[in-house]
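An overview of the molecular structure
Residue strings, one per chain:
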Amino acid sequence: MTTWHIILIASAATLALKLVGHLVPAGFLERERPARIADLLTVALLAALIAVQTLGVGQDIVIDARVPALIVAAALYALRVPFIVVVAVAALVAAGIRALG
């Protein structure tokens, strides 16, 4: 199987999954339980993405300048600081720690 076969199969699977999503009745998605599951699943996937991007390097778990930057970003976000300021301060914290280390 070549790379192009894999790309075509993955593309067809993605398209099929999107089409199946459009076939789900709107009334089903408006019920309490599916709506709650969708909301919680979104949060769980975002948390997993943040954890992997912050702690993962290849197959290893690494604690480096990204962890304190994430903690600072979470604290600023909890204080309702504007998002662009949160990103800038977190980047400065990470850059500062890397410059010292």
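Let us look at the structure shown here. Note that the coordinates shown come from a computational prediction; the quantities given were computed from them, not determined experimentally.

**Structural notes on the nonpolar core**
Counting seven residues, the largest nonpolar core consists of Ala 65, Ala 69, Ala 73, Leu 76, Val 86, Ala 90 and Ala 94. Among the elements of the structure, helix 4 (66-78) and helix 5 (83-100) are those that each provide at least two residues to this core. Residues contacting Ala 65, with those up to four places away along its chain left out, are Ala 94, Ile 97 and Arg 98.

**Quick notes on the pattern of salt bridges**
Two side chains of opposite charge can pair, provided their charged atoms sit close to one another. Summed over all chains, the structure comprises one salt bridge. Asp 64 is the salt-bridge partner of Arg 66, the closest N and O atoms lying 3.1 Å from each other. What makes Asp 64 partly exposed here is its relative accessible area of 27%.

**Regarding the environment of Pro 34**
Take Pro 34: it is sitting in helix 3 (residues 32-55). Excluding anything up to four places from it in sequence, Pro 34 contacts Phe 28 and Leu 29.

**Focus: the side chain of Thr 54**
Mapped onto the elements of the fold, Thr 54 is located in helix 3. A relative accessible area of 10% places Thr 54 in the buried class. At 2.7 Å, the side chain of Thr 54 and the backbone oxygen of Ile 50 are in polar contact.

Conventions adopted
Residues numbered from 1 in each chain as written. Predicted model: local features only at pLDDT ≥ 70, side-chain atom pairs only at ≥ 80, totals over all residues. Heavy atoms only, no water. Core = buried A, V, L, I, M, F, W, Y, C linked by side-chain atoms within 4.5 Å. Buried < 20%, exposed > 50% of the residue type's maximum accessible area, 1.4 Å probe, protein only. Helix = DSSP H or I, 4+ residues; strand = E, 2+ residues; numbered from the N terminus. Contact = heavy atoms within 4.5 Å. Salt bridge = Lys/Arg side-chain N within 4 Å of Asp/Glu carboxyl O. Polar contact = N/O pair within 3.5 Å; in protein donor to acceptor, adjacent residues only side chain to side chain.

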